[in-house]
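Structural overview for review
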Amino acid sequence: MSRIRSVVRGCGAYLPSEVLTNADLAKTVDTSDEWIVQRTGIRQRHIAAHGEMTSDLALFAAREALADGGVEASEIDLIILATATPDNTFPATATTVQAALGITHGFAFDVQAVCSGFLYALATADKFLISGQHKRALVIGSETFSRILDWTDRGTCVLFGDGAGAVVLEAQEQPGESSDRGVLTTHLRSDGRHKSKLFVDGGPSSTGTVGHLRMEGREVFRHAVGMITDVIEDAFAATGETAESIDWFVPHQANRRIIDASAQKLHIAPEKVVLTVDHHGNTSAASIPLALAEARADGRIKQGDLVLLEAMGGGFTWGSALVRW
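Just so we're clear, the structure is a prediction, and the values are computed from it rather than from any experiment. (Residues numbered from 1 in each chain as written. Predicted model: local features only at pLDDT ≥ 70, side-chain atom pairs only at ≥ 80, totals over all residues. Heavy atoms only, no water.)

A few words on the state of the cysteines. For the coordinates displayed, the defined rule picks out zero disulfides. Cysteine C115 shares no disulfide, and the gap to the nearest cysteine sulfur, in C157, comes to 16 Å. (Disulfide = S-S within 2.5 Å.)

Backbone-to-backbone hydrogen bonds pair the strands of a sheet. The strands run either parallel or antiparallel. Strand order in the open sheet formed by four strands is β8-β13-β12-β11, with mixed pairing between adjacent strands. Looking along the sheet, the strands with just one partner apiece sit at the ends: β8 (182-190) and β11 (248-251). Here the strands of the sheet are splayed against their neighbours by 10° on average, with no regard to which way each runs. Pairing of β11 with strand β12 (residues 306-313), which is carried by four bridges, proceeds in the parallel orientation. The residue of β12 that forms the bridge with W248 is V307. Each of β11 and β12 touches helix α10 (residues 287-297); the most contacted strand, β12, lies at about 155° to it. (Pairing = 2+ DSSP bridges. Helix = DSSP H or I, 4+ residues; strand = E, 2+ residues; numbered from the N terminus. Axes fitted to C-alpha atoms, helices over the stretch in contact; angles between N-to-C directions. Contact = heavy atoms within 4.5 Å.)

Ordered by their spatial adjacency, five strands build an open sheet running β1-β7-β6-β4-β5, and the pairing between neighbours is mixed. Strands at the two margins of the open sheet, each flanked by one partner only, are β1 (3-14) and β5 (107-111). Looking at each pair of strands side by side, their axes are set apart by 20° on average, direction ignored. Where strand β4 (residues 78-82) meets strand β6 (residues 136-144), five bridges bridge the pair, whose relative direction is parallel. In the strand pairing of β6, I79 is matched with L138. Packed onto the sheet, helix α3 (residues 54-69) meets β1, β4, β6 and β7 (162-174) and runs at close to 120° relative to β1. Sitting on the sheet, helix α5 (residues 117-130) touches β1, β4, β5, β6 and β7, and the angle it makes with β6 is about 165°.

Let us now look at α10. Across the 11 residues of α10, eight count as buried, placing the element largely inside the fold. Of the residues making up α10, those classed as buried are S287, I288, P289, L290, A291, L292, A293 and A295. A positive phi of about 90° marks G299, the residue just after α10. (Buried < 20%, exposed > 50% of the residue type's maximum accessible area, 1.4 Å probe, protein only.)

Before going further, it helps to examine a positive patch on the surface. A contiguous patch of positive charge, built from R39, R154, R218 and R257, is present on the exposed surface. Looking at where R218 falls in the secondary structure, it is placed in helix α7 (residues 217-239). Look at R218 and you get exposed, because its relative accessible area is 77%. (Patch = residues over 30% accessible without salt bridge, like charges linked within 9 Å, V, L, I, M, F, W, Y side chains within 5 Å. Areas by Shrake-Rupley, 256 points an atom, 1.4 Å probe, with all protein chains shown as cover. Salt bridge = Lys/Arg side-chain N within 4 Å of Asp/Glu carboxyl O. Lys, Arg positive; Asp, Glu negative; His and termini not counted. Charge placed at Lys NZ, Arg CZ, Asp CG, Glu CD.)

What follows is about the nonpolar core. Grouped together as the largest cluster of nonpolar side chains are 42 residues, with contacts concentrated most on I246, F249, I268, L308, M312 and L322. With eight residues, α7 is the single largest residue contributor to this core. The contacts of I246, once residues within four sequence positions are left out, are F236, I268, K272, L306, L308 and L322. Counting 36 residues, the second-largest nonpolar core is a separate cluster that includes A113, A121, A137 and A293. (Core = buried A, V, L, I, M, F, W, Y, C linked by side-chain atoms within 4.5 Å.)

Turning next to the layout of surface pockets. A probe as big as a water molecule, rolled over the atoms, marks out the empty space that is left. Roughly 990 Å³ of volume is contained in the largest pocket. If you trace the largest pocket, you find 36 residues lining it, with A84, T85, P86, Q112 and V200 closest to the centre. Here the lining of the largest pocket takes three residues from strand β9 (residues 198-200), the largest share from any one element. For the lining of the largest pocket, the residue count by class is 18 nonpolar, 14 polar and four charged. When its volume is computed, the second largest pocket comes out at roughly 660 Å³. Every residue lining the second largest pocket is counted, 29 residues in all, and those nearest its centre are L159, M215, G217, R218 and N255. Every element with two or more residues in the lining of the second largest pocket is listed here: α2 (33-40), α6 (154-157), α7, α8 (256-266) and β12. The element that contributes the greatest number of residues to the lining of the second largest pocket is α7, accounting for six residues. The class makeup of the residues in the lining of the second largest pocket is 16 nonpolar, eight polar and five charged. (1 Å grid on protein atoms, 1.4 Å probe; cavity = no way out; pocket = protein on both sides within 12 Å on 5 of 7 lines; lining within 4 Å. Points joined across faces, edges and corners; volume = space filled by probe spheres on them. Nonpolar A, V, L, I, M, F, W, Y, C, P; charged D, E, K, R; others polar.)

Below, the discussion takes up the pattern of salt bridges. Overall, the coordinates contain 16 salt bridges when judged by the stated rule. Taking the shortest distance from any N to any O, the salt bridge between E170 and R9 comes out at 2.7 Å. With E170 in strand β7 and R9 in strand β1, this residue pair connects regions lying 161 residues apart in the sequence. For R9, a relative accessible area of 28% corresponds to the partly exposed category. Across the salt bridge formed by R136 and E75, the nearest N and O atoms sit 3.9 Å from each other. Of the two residues, R136 is situated in strand β6 and E75 in the loop between α3 and β4; the sequence distance between them amounts to 61 residues. The exposure class of R136 is buried, given its relative accessible area of 16%. Taken together, the salt bridges that share partners define one network made up of R9, E75, R136 and E170.

On their own, these measurements won't tell you what the molecule is for.
As structure tokens, then:
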């Protein structure tokens, strides 16, 4: 029996022009390239220019995704933008992108699930598309995390960077088989008991300030591998797929050690893992679409490939998705 699937039509990315290396950071905080690489795998990250906002990054990525998919902005019915660093408290940054693209129909809104944001946005867009009420969605992850970092805290300021990635999803009728193209399954979780382990110490209703990111690194690492593998095993159970059958593993790019440990626990071959953390850092909600865009542009991800996505973020939030390209 045939069914509607959310198929990826196009993929795009944008990184600010300023590159901040580990050596640059070592000039302002007590750290070194060796210390950062050994603990995180990160060598550099991109930083948004003065006046360059989350919506600006998102717009560049969105336009590239539309062009890659051969889709006009006027054909988009829905925009969901995942971010923890919006331009304003309100309106939603997604509406700023909508206006910049000249779209005056449909609807646009933001999703806030920190590093899991893109997966939350993808899953939400998928539900709208398979309902039959909408045809095409623009799903974006965009962050300017440099604006919420404490640049004197070497435990956090070395980890994050700025960037944006986007995909265009289109509702298409598929045969209803395991070989279908599109989003095959998504699994989302959260557990608010872990807030104190990764949070920003500010907000409109608490301090009236933006605040800075605070993290208990060891605690986050301790929970991450177990939570990630849990939702991936759910994805395999829902589809009958296995670590052997996937073509590419595109994880949230938080920390090389977390990625390696997760892949090892799931028995995913190292050559199937897409890694960008070394040159992007942790770009939160932007990290998965940035990695997808890079692997698509260099020819690794091809039509028909089975791609496994996963992420974990503050809250804690976490999730997985299986997508056949």
